[in-house]
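Structural characterization, general
What follows is the residue order along each chain.
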Protein chains: 4
Amino acid sequence: MAPFIRKVNYYECDAMGVVHHSNYLRYMEEARIDRLARLGYDFASLASEGIVSPVVSLECRYLKPVGISDTLEIDVRVESLTAFKLTLSYVMTSRGTKVFEGSSVHCFLKDGRPLEIASRFPLLANTLTR
Amino acid sequence: MAPFIRKVNYYECDAMGVVHHSNYLRYMEEARIDRLARLGYDFASLASEGIVSPVVSLECRYLKPVGISDTLEIDVRVESLTAFKLTLSYVMTSRGTKVFEGSSVHCFLKDGRPLEIASRFPLLANTLTR
Amino acid sequence: MAPFIRKVNYYECDAMGVVHHSNYLRYMEEARIDRLARLGYDFASLASEGIVSPVVSLECRYLKPVGISDTLEIDVRVESLTAFKLTLSYVMTSRGTKVFEGSSVHCFLKDGRPLEIASRFPLLANTLTR
Amino acid sequence: MAPFIRKVNYYECDAMGVVHHSNYLRYMEEARIDRLARLGYDFASLASEGIVSPVVSLECRYLKPVGISDTLEIDVRVESLTAFKLTLSYVMTSRGTKVFEGSSVHCFLKDGRPLEIASRFPLLANTLTR
């Protein structure tokens, strides 16, 4: 699937003139929501059903800084899938260079109770990368 | 009343090495919530009653930049009060110099309907500066 | 000129489920930088020349809340122009309804000294709306 | 050493009414800068020497959500120290319950070149937890 394209905003850069490390989590979220929407799982529709998807844990590796004139290509993949946990991996590149790698683990809750992922989101299994 | 004291955080500074202008609205909110809490109007208690207070409009004048080593003293005052509108004014100083002036206009909603301010928040009238 | 289009991000919404009022200043900045770039005044190029453009003051009027499923159309205009001050106005609409109006006043500094706007940015005068 | 105390701000909460997961990285940064300052390594002084400390990688485990009425106690420890890498660990508790665990790896750069940590920051070795 085509990567999610995201231009860096001025207000996302810190005093070193590069994107503050906390903002990569926001880029990960944007790319994740976009990826799920393209599979047919629209965030706003899910929310109206009472479904939310908290972040359980995450990891980030900052490889190269990016700045105000840069654009990121963000590739999101389904890394693993169990009954109640979805693991996504992220690779961000800018001008052909890998600048960031990360992963996030999510559960899904419907009205506050754990939701079995495969039954509600069958298409996720198809996208498993291995 | 004593000013609200707020140390600048690194991640609030932009590529010019100074606090990004959008963050002053967050400082205004922190100081406003603190001010109302000290009058006995605690934000979380109000929220649990179904009361919220959207910003209707605001104005900012950025007088001097502040950076990572700076601490702000924020003075919040009740500028005017009508049946449904509260206007607050803010002066921020750092190292004895005025760095920012602003104002914000708020209404109060209970369960989505306009709330008459004086009847629910009688102490606000006492703090009118003029 | 075509408006700047901006999808709302989940992380920009607050506990009321709507865009936090501070984030409109960031949308204004994105739309302003995009507008100047389309006139040929690219932010990163200006920065490399030592030119920055601090916000002197601004005003916001919040007309309707917008939420996670919304997209904003942001129209930026040159409201007035003097030797050293540029005033821009912003109208944001969503689903055909005006949701926000604002304005911002800027100066330009080159290596920390005031820059005469018309001589460095001649095309701005052409875009004056009145 | 006493934990770093941090009240949650309204604007840090998302549409689920809890602190957005990206903001924990900002709390980690605040607690880290405070911890180093209390050892005598003040961020602004370091910056004026040309020393910066980028984040190389990090991990976060989100155990319990926290909301607008909550205050965090953040404990920062030196987990390991090599010639060029510092690993810090973070535990955040609220009302006596552990809500977050994380770690971050940092290098130090002086004028863009790697800095041997032990020679410039000798007191860090004393604080090793194991």
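Within any chain, residue numbers begin from 1 and follow the written order of that chain's sequence. Here every chain gets a letter starting at A, and every ligand a number starting at 1, in the order they are written. Where totals are concerned, whole chains, interfaces and linings use all residues; where local detail is concerned, this predicted model gives features only for residues with pLDDT of at least 70, and gives and counts side-chain atom pairs only at 80 or more. Each side-chain value is derived from all of the structure's non-hydrogen atoms; neither hydrogens nor water enter the calculation.

**A closer look at the overall build of chain A**
Secondary structure elements follow DSSP: runs of H or I of four or more residues count as helices, runs of E of two or more count as strands, with numbering from the N terminus. Regarding its fold elements, chain A presents four helices and eight strands. Note on method: radius of gyration uses C-alpha positions; expected globular size equals 2.2 Å times residues raised to 0.38. Here the C-alpha radius of gyration of chain A, 15 Å, is about what a compact globule of 130 residues would show, namely 14 Å. Across its three principal directions, the C-alpha atoms of chain A cover 45 × 30 × 25 Å. Exposure categories follow from relative accessible area, calculated using a 1.4 Å probe and restricted to protein chains: below 20% of the type maximum is buried, above 50% is exposed, and the middle band is partly exposed. Here chain A holds 130 residues, and 49% of them are scored as buried. Throughout, a residue-residue contact means that at least one pair of heavy atoms, one from each residue, lies within 4.5 Å. In chain A, the share of contacts with a sequence separation of at least 24, taken over all contacts with a separation of at least 6, comes to 67%.

**What about the side chain of serine 89 of chain B?**
Residues and elements named next belong to chain B. With respect to the helices and strands, serine 89 occurs in strand 5 (residues 86-94). Within the structure, serine 89 has its side chain in polar contact with the side chain of glutamate 79 (distance 2.9 Å). For serine 89, the contacting residues outside a window of four places in its chain are Asp75, Val76, Arg77, Glu79, Gly102 and Ser103. N or O atoms closer than or at 3.5 Å make up a polar contact, with two conditions inside protein: a donor-capable atom paired with an acceptor-capable one, and, for residues adjacent in sequence, both atoms drawn from side chains.

**Things to note about the interface of chain D and chain A**
Where interface size is given, it is often the accessible area lost as the parts come together that is meant. On the side of chain A, 18 residues touch chain D, which itself brings 18 residues to the contact. Overall, the association of chain D and chain A removes approximately 1600 Å² of surface from exposure, summing both partners, and the carbon and sulfur fraction of that is 59%. By salt bridge we mean one thing: a side-chain nitrogen of Lys or Arg within 4 Å of a carboxyl oxygen of Asp or Glu. At the junction of chain D and chain A, the tally comes to zero salt bridges. The interface formed by chain D and chain A contains 10 residue pairs in polar contact (both at pLDDT 80 or more). Elements that contribute at least two residues to the side of chain D that touches chain A include exactly helix 1 (23-38) and strand 3 (55-62) of chain D. The element that contributes the greatest number of residues to the side of chain D that touches chain A is strand 3 of chain D, accounting for eight residues. Counted by class, the side of chain D that touches chain A contains eight nonpolar, five polar and five charged residues. The quantity reported as buried area is the accessible area (1.4 Å probe) lost by two parts once they are put together, taken as the sum for both. In this classification, Asp, Glu, Lys and Arg are treated as charged, Ala, Val, Leu, Ile, Met, Phe, Trp, Tyr, Cys and Pro as nonpolar, and every other residue, Gly included, as polar.

**Examining the interface of chain C and chain B**
Taken together, the contacts link 18 residues of chain C with 18 residues of chain B. Both sides of the chain C and chain B interface together cover about 1600 Å² of buried area, and 59% of this is carbon and sulfur. At the junction of chain C and chain B, the tally comes to zero salt bridges. In this structure, the connection of chain C to chain B is made through 10 residue pairs in polar contact (both at pLDDT 80 or more).

**Points about the side chain of serine 94 of chain D**
Residue and element names in this part refer to chain D. The residue serine 94 is located in strand 5 (residues 86-94) in this model. A distance of 3.1 Å separates the side chain of serine 94 from the backbone oxygen of threonine 71, its partner in a polar contact. With residues near it in sequence (within four places) discarded, serine 94 still touches Val66, Asp70, Thr71, Leu72 and Val99.

**Things to note about the packing of aromatic side chains**
All names here are of chain A. Put simply, two rings from Phe, Tyr or Trp (the six-membered ring, in Trp's case) pair if the centres are within 6.5 Å, and we call them stacked under 30 degrees between planes, edge-to-face over 60, tilted for the rest. Scanning all chains against the criterion turns up 28 aromatic pairs over all chains. Aromatic side chains tyrosine 24 and tyrosine 27 sit 5.8 Å apart centroid to centroid with 65 degrees between the ring planes, which places their arrangement in the edge-to-face category. One end of the pair, tyrosine 24, and the other, tyrosine 27, are both in helix 1 (residues 23-38), three residues apart, so they sit about a helical turn from each other. Each member of the pair tyrosine 24 and tyrosine 27 is classed as buried. Considering the side-chain rings of phenylalanine 108 and phenylalanine 121, the 4.6 Å spacing of their centres and the 40 degrees angle between planes classify their relative orientation as tilted. Pair noted here: phenylalanine 108 is in the loop between strand 6 (97-106) and strand 7 (109-110) and phenylalanine 121 is in the loop between helix 3 (117-120) and helix 4 (123-126), with a separation of 13 residues, a long-range link. Neither residue differs from the other here; phenylalanine 108 and phenylalanine 121 are each classed as buried. Every member of this aromatic cluster is reached through a ring pair, and the members are Tyr24, Tyr27, Tyr62 and Phe100. One Lys or Arg, arginine 120, reaches over the ring of phenylalanine 121 and ends 5.0 Å from the middle of that ring. By the criterion adopted, a ring carries a charge over it if an Arg CZ or a Lys NZ lies within 6 Å of its centre and within 35 degrees of its normal.

**A closer look at unusual backbone geometry**
Even without a glycine there, the phi angle at arginine 95 of chain B is positive, about 50 degrees. Looking at the element boundaries, arginine 95 of chain B is found in the loop between strand 5 and strand 6 (97-106). In this structure, aspartate 111 of chain C is a non-glycine residue whose phi angle is positive, near 50 degrees. Structurally, the position occupied by aspartate 111 of chain C is in the loop between strand 7 (109-110) and strand 8 (113-114).

**Quick notes on the pattern of salt bridges**
Per the stated rule, a full pass over the model turns up 36 salt bridges over all chains. With its nearest N and O atoms 3.0 Å apart, the salt bridge here joins aspartate 34 of chain C to arginine 38 of chain C. One end of the pair is aspartate 34 of chain C and the other is arginine 38 of chain C, both in helix 1 (residues 23-38) and four residues apart, which spans about a single turn. Here arginine 77 of chain D makes a salt bridge to aspartate 75 of chain D, at a shortest N to O gap of 2.8 Å. Taking relative accessible area as the criterion, aspartate 75 of chain D reaches 24% and is therefore assigned partly exposed. Shared partners join several salt bridges into a network, and the residues in it are Glu59, Arg61, Lys98 and Glu101 of chain A.

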